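If you want the building blocks of each chain, they are given just below.
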Amino acid sequence: MWGVFKKEATLQPHLVRYWLNAKIDDPLKFKKQVKYICELHQEAKTLLEQGIHLISTDEMTGIQALERLFPNKRIKPKQVEKIEFEYERHGTLSLIANWDVARGKVVSPSIGPTRTEQDFSEHIQRTIKIDEKAEWIFIVDKLNTHKSESLVKLVAESCGITIDLGRKGKEGILQSMDSRADFLSDESHRIRFVYIPKHTSWLNQIEYWFSILVRRLLKRITVRSTEELSQKILNFIDYFNQHFAKPFVWKFKGFKDHK
(Lines give C-alpha, C1' and ligand atoms only; values in the text may rest on other atoms or scores of the structure.)
Protein backbone atom coordinates (compact mmCIF):
# COMPACT_ATOMS: atom_id res chain seq x y z
CA MET A 1 0.00 0.00 0.00
CA TRP A 2 2.79 2.43 0.89
CA GLY A 3 4.47 1.70 -2.43
CA VAL A 4 1.25 2.50 -4.29
CA PHE A 5 0.84 5.75 -2.34
CA LYS A 6 4.41 6.81 -3.13
CA LYS A 7 3.82 6.09 -6.81
CA GLU A 8 0.64 8.19 -6.87
CA ALA A 9 2.34 11.03 -5.01
CA THR A 10 5.12 11.00 -7.61
CA LEU A 11 2.78 11.00 -10.57
CA GLN A 12 0.25 13.42 -9.04
CA PRO A 13 2.05 15.90 -6.78
CA HIS A 14 -1.11 17.95 -6.15
CA LEU A 15 -3.40 15.39 -4.50
CA VAL A 16 -5.42 17.97 -2.54
CA ARG A 17 -7.32 20.94 -3.92
CA TYR A 18 -9.45 23.36 -1.91
CA TRP A 19 -13.12 23.62 -2.77
CA LEU A 20 -15.75 26.09 -1.57
CA ASN A 21 -19.41 25.16 -1.28
CA ALA A 22 -20.77 28.67 -1.52
CA LYS A 23 -23.97 29.41 0.39
CA ILE A 24 -26.22 31.31 -2.01
CA ASP A 25 -29.33 32.90 -0.49
CA ASP A 26 -31.07 33.52 -3.80
CA PRO A 27 -29.76 31.24 -6.60
CA LEU A 28 -31.91 32.89 -9.28
CA LYS A 29 -30.68 36.39 -8.40
CA PHE A 30 -27.09 35.08 -8.21
CA LYS A 31 -27.24 33.52 -11.71
CA LYS A 32 -28.88 36.64 -13.13
CA GLN A 33 -26.13 38.90 -11.77
CA VAL A 34 -23.35 36.61 -12.99
CA LYS A 35 -24.94 36.50 -16.46
CA TYR A 36 -25.27 40.29 -16.50
CA ILE A 37 -21.59 40.82 -15.66
CA CYS A 38 -20.55 38.29 -18.32
CA GLU A 39 -22.67 40.17 -20.86
CA LEU A 40 -20.92 43.42 -19.90
CA HIS A 41 -17.53 41.80 -20.51
CA GLN A 42 -18.61 40.57 -23.92
CA GLU A 43 -20.07 43.97 -24.88
CA ALA A 44 -17.08 46.03 -23.65
CA LYS A 45 -15.90 47.08 -27.13
CA THR A 46 -19.41 48.06 -28.20
CA LEU A 47 -19.87 50.04 -25.00
CA LEU A 48 -16.60 51.89 -25.63
CA GLU A 49 -17.74 52.79 -29.14
CA GLN A 50 -20.79 54.33 -27.46
CA GLY A 51 -18.54 56.35 -25.12
CA ILE A 52 -19.00 54.08 -22.11
CA HIS A 53 -15.90 52.94 -20.20
CA LEU A 54 -16.18 49.49 -18.61
CA ILE A 55 -13.63 49.26 -15.81
CA SER A 56 -12.77 46.37 -13.49
CA THR A 57 -11.46 47.76 -10.20
CA ASP A 58 -10.04 46.31 -7.01
CA GLU A 59 -7.30 46.68 -4.41
CA MET A 60 -4.17 44.64 -3.84
CA THR A 61 -3.16 45.27 -0.24
CA GLY A 62 -0.12 44.45 1.88
CA ILE A 63 2.38 44.45 -0.99
CA GLN A 64 5.66 43.99 0.84
CA ALA A 65 8.83 45.91 0.00
CA LEU A 66 11.32 43.07 0.40
CA GLU A 67 15.07 43.39 0.11
CA ARG A 68 16.62 39.99 -0.61
CA LEU A 69 19.80 39.46 1.40
CA PHE A 70 21.61 37.97 -1.61
CA PRO A 71 21.18 38.41 -5.39
CA ASN A 72 19.03 36.03 -7.43
CA LYS A 73 20.78 33.22 -9.32
CA ARG A 74 19.93 33.51 -12.98
CA ILE A 75 18.29 30.79 -15.05
CA LYS A 76 20.68 28.21 -16.47
CA PRO A 77 20.05 25.33 -18.87
CA LYS A 78 17.80 22.75 -17.15
CA GLN A 79 17.68 24.90 -13.99
CA VAL A 80 15.09 27.36 -12.71
CA GLU A 81 15.89 30.85 -11.45
CA LYS A 82 16.77 30.78 -7.74
CA ILE A 83 15.62 33.56 -5.42
CA GLU A 84 17.13 34.09 -1.99
CA PHE A 85 14.79 32.95 0.77
CA GLU A 86 15.82 35.46 3.44
CA TYR A 87 14.89 39.10 3.19
CA GLU A 88 14.51 42.37 5.09
CA ARG A 89 11.13 44.12 5.16
CA HIS A 90 10.85 47.83 4.34
CA GLY A 91 7.10 48.36 4.75
CA THR A 92 3.99 47.66 2.67
CA LEU A 93 1.88 49.37 0.02
CA SER A 94 -1.65 49.09 -1.32
CA LEU A 95 -2.41 49.25 -5.04
CA ILE A 96 -5.81 50.29 -6.35
CA ALA A 97 -5.93 49.38 -10.03
CA ASN A 98 -8.35 49.71 -12.94
CA TRP A 99 -8.50 47.23 -15.80
CA ASP A 100 -9.95 48.73 -18.99
CA VAL A 101 -11.92 45.70 -20.19
CA ALA A 102 -12.24 46.82 -23.82
CA ARG A 103 -8.64 47.97 -24.28
CA GLY A 104 -6.97 45.36 -22.10
CA LYS A 105 -4.77 47.74 -20.17
CA VAL A 106 -4.32 49.21 -16.70
CA VAL A 107 -5.42 52.83 -16.31
CA SER A 108 -4.99 55.42 -13.56
CA PRO A 109 -3.42 53.22 -10.83
CA SER A 110 -3.18 54.52 -7.26
CA ILE A 111 -0.42 53.41 -4.88
CA GLY A 112 -0.16 54.38 -1.22
CA PRO A 113 0.23 53.09 2.33
CA THR A 114 -3.53 52.60 2.90
CA ARG A 115 -6.76 51.69 1.12
CA THR A 116 -9.31 53.70 3.12
CA GLU A 117 -12.72 54.96 2.07
CA GLN A 118 -11.11 58.27 1.15
CA ASP A 119 -8.33 56.55 -0.82
CA PHE A 120 -10.85 54.67 -2.95
CA SER A 121 -13.08 57.69 -3.51
CA GLU A 122 -10.10 59.80 -4.60
CA HIS A 123 -8.98 56.98 -6.88
CA ILE A 124 -12.37 56.93 -8.64
CA GLN A 125 -12.32 60.72 -8.89
CA ARG A 126 -8.92 60.66 -10.62
CA THR A 127 -10.13 57.91 -12.95
CA ILE A 128 -13.26 59.66 -14.20
CA LYS A 129 -11.23 62.82 -14.88
CA ILE A 130 -9.62 60.91 -17.77
CA ASP A 131 -12.89 61.46 -19.66
CA GLU A 132 -15.06 63.75 -17.55
CA LYS A 133 -18.17 63.77 -19.75
CA ALA A 134 -18.21 60.04 -20.53
CA GLU A 135 -20.20 57.26 -18.92
CA TRP A 136 -18.36 54.95 -16.54
CA ILE A 137 -19.24 51.47 -15.30
CA PHE A 138 -17.04 50.12 -12.51
CA ILE A 139 -17.15 46.39 -11.71
CA VAL A 140 -16.24 45.97 -8.04
CA ASP A 141 -16.71 43.57 -5.15
CA LYS A 142 -18.90 44.29 -2.14
CA LEU A 143 -16.20 45.72 0.13
CA ASN A 144 -17.58 48.44 2.40
CA THR A 145 -15.28 51.11 0.88
CA HIS A 146 -16.99 50.46 -2.45
CA LYS A 147 -20.33 51.53 -0.91
CA SER A 148 -19.15 54.51 1.09
CA GLU A 149 -20.61 57.89 1.90
CA SER A 150 -17.70 59.58 0.10
CA LEU A 151 -18.40 57.60 -3.05
CA VAL A 152 -22.10 58.47 -3.03
CA LYS A 153 -21.30 62.16 -2.67
CA LEU A 154 -18.71 61.96 -5.47
CA VAL A 155 -21.16 60.30 -7.87
CA ALA A 156 -23.96 62.73 -6.95
CA GLU A 157 -21.72 65.74 -7.54
CA SER A 158 -20.23 64.37 -10.77
CA CYS A 159 -23.65 63.46 -12.18
CA GLY A 160 -25.33 66.70 -11.13
CA ILE A 161 -27.69 64.95 -8.72
CA THR A 162 -28.98 67.55 -6.26
CA ILE A 163 -31.50 65.57 -4.20
CA ASP A 164 -31.14 65.29 -0.44
CA LEU A 165 -28.87 62.29 0.22
CA GLY A 166 -29.92 61.96 3.85
CA ARG A 167 -27.58 61.14 6.74
CA LYS A 168 -25.27 58.20 7.22
CA GLY A 169 -26.76 55.70 9.67
CA LYS A 170 -29.94 57.78 10.00
CA GLU A 171 -32.00 58.22 6.84
CA GLY A 172 -32.15 58.49 3.07
CA ILE A 173 -29.64 57.24 0.53
CA LEU A 174 -26.74 57.48 2.96
CA GLN A 175 -28.52 55.49 5.67
CA SER A 176 -26.94 52.07 5.09
CA MET A 177 -24.53 50.16 2.86
CA ASP A 178 -27.52 48.63 1.07
CA SER A 179 -29.14 52.00 0.38
CA ARG A 180 -25.82 53.45 -0.76
CA ALA A 181 -25.18 50.44 -3.03
CA ASP A 182 -28.64 50.85 -4.59
CA PHE A 183 -27.81 54.47 -5.41
CA LEU A 184 -24.34 53.70 -6.73
CA SER A 185 -25.63 50.90 -8.99
CA ASP A 186 -28.52 52.94 -10.44
CA GLU A 187 -28.42 52.40 -14.23
CA SER A 188 -29.73 55.91 -14.88
CA HIS A 189 -26.50 57.44 -13.51
CA ARG A 190 -23.64 58.38 -15.83
CA ILE A 191 -21.24 56.87 -13.29
CA ARG A 192 -22.34 53.62 -11.71
CA PHE A 193 -21.03 50.52 -9.98
CA VAL A 194 -21.82 46.87 -10.68
CA TYR A 195 -21.24 44.59 -7.69
CA ILE A 196 -20.06 41.03 -8.21
CA PRO A 197 -21.80 38.41 -6.04
CA LYS A 198 -20.03 36.98 -3.01
CA HIS A 199 -17.39 34.30 -3.80
CA THR A 200 -17.10 35.35 -7.47
CA SER A 201 -13.83 37.31 -7.50
CA TRP A 202 -13.04 35.44 -10.74
CA LEU A 203 -15.68 37.61 -12.44
CA ASN A 204 -13.53 40.68 -11.80
CA GLN A 205 -10.96 40.83 -14.58
CA ILE A 206 -8.48 42.96 -12.63
CA GLU A 207 -7.83 39.87 -10.49
CA TYR A 208 -6.29 38.14 -13.52
CA TRP A 209 -3.97 41.08 -14.09
CA PHE A 210 -3.01 41.06 -10.39
CA SER A 211 -1.80 37.46 -10.87
CA ILE A 212 0.36 38.66 -13.78
CA LEU A 213 1.82 41.39 -11.58
CA VAL A 214 2.67 38.89 -8.84
CA ARG A 215 4.23 36.29 -11.14
CA ARG A 216 6.13 38.66 -13.41
CA LEU A 217 7.26 41.30 -10.93
CA LEU A 218 6.52 41.02 -7.22
CA LYS A 219 7.91 37.49 -6.73
CA ARG A 220 11.15 38.38 -8.49
CA ILE A 221 12.21 41.84 -7.35
CA THR A 222 14.26 43.14 -4.44
CA VAL A 223 13.73 46.72 -3.19
CA ARG A 224 15.07 48.86 -0.38
CA SER A 225 12.05 51.10 0.23
CA THR A 226 8.34 51.48 -0.46
CA GLU A 227 9.23 54.35 -2.79
CA GLU A 228 11.36 52.02 -4.91
CA LEU A 229 8.61 49.39 -4.85
CA SER A 230 6.02 51.93 -5.99
CA GLN A 231 8.18 53.05 -8.88
CA LYS A 232 8.86 49.48 -10.01
CA ILE A 233 5.12 48.74 -10.03
CA LEU A 234 4.39 51.88 -12.06
CA ASN A 235 7.22 51.05 -14.47
CA PHE A 236 5.82 47.54 -14.89
CA ILE A 237 2.36 48.93 -15.63
CA ASP A 238 3.79 51.26 -18.29
CA TYR A 239 5.77 48.41 -19.85
CA PHE A 240 2.77 46.07 -19.80
CA ASN A 241 0.51 48.67 -21.40
CA GLN A 242 3.03 49.39 -24.16
CA HIS A 243 3.91 45.82 -25.08
CA PHE A 244 1.24 43.41 -23.82
CA ALA A 245 -2.04 45.34 -23.65
CA LYS A 246 -4.76 43.06 -24.95
CA PRO A 247 -8.34 42.36 -23.79
CA PHE A 248 -8.90 39.08 -22.00
CA VAL A 249 -10.93 36.58 -24.04
CA TRP A 250 -14.11 36.06 -22.02
CA LYS A 251 -16.07 32.98 -23.07
CA PHE A 252 -18.13 32.22 -19.97
CA LYS A 253 -21.74 33.36 -20.45
CA GLY A 254 -23.23 32.41 -17.11
CA PHE A 255 -24.58 29.36 -15.34
CA LYS A 256 -27.11 27.15 -17.04
CA ASP A 257 -30.35 26.39 -15.30
CA HIS A 258 -30.63 22.75 -14.26
CA LYS A 259 -34.12 21.36 -13.91
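Residues numbered from 1 in each chain as written. Predicted model: local features only at pLDDT ≥ 70, side-chain atom pairs only at ≥ 80, totals over all residues. Heavy atoms only, no water.

Chemist: In this structure, what is going on with the pairing of strand β2 (residues 87–100)? I would like to understand it.
Modeler: Successive side chains on a regular strand alternate, one facing one side of the sheet and the next facing the other. By the bridge criterion, 11 bridges tie strand β1 (residues 52–68) to β2 in an arrangement that is antiparallel. Directly across from glutamate 59, in β2, lies its bridge partner isoleucine 96. Counting the residues that bridge the hairpin from β2 to strand β3 (residues 105–112) gives 4 residues, and of these glycine 104 lies at a positive phi of roughly 70 degrees. (Pairing = 2+ DSSP bridges. Helix = DSSP H or I, 4+ residues; strand = E, 2+ residues; numbered from the N terminus.)

Chemist: Can you help me understand the sheet that holds strand β5 (residues 191–195) in this one?
Modeler: Whether parallel or antiparallel, the strands of a sheet pair through hydrogen bonds between backbone atoms. Here 5 strands make up an open sheet; going across it, the order is β3-β2-β1-β4-β5 and the pairing mixed. Of all the strands in the sheet, just β3 and β5 have a single pairing partner and so form its edges. Mean inter-strand twist for the sheet, computed between neighbouring axes without regard to direction, equals 30 degrees. Of the strand pairs in this sheet, β2 and β3 are connected by 6 bridges, and their pairing is antiparallel. Bridged to leucine 95 within β3 is isoleucine 111. Running at roughly 125 degrees to β5, helix α2 (residues 27–42) makes contact with β1, β4 (135–140) and β5 of the sheet. (Axes fitted to C-alpha atoms, helices over the stretch in contact; angles between N-to-C directions. Contact = heavy atoms within 4.5 Å.)

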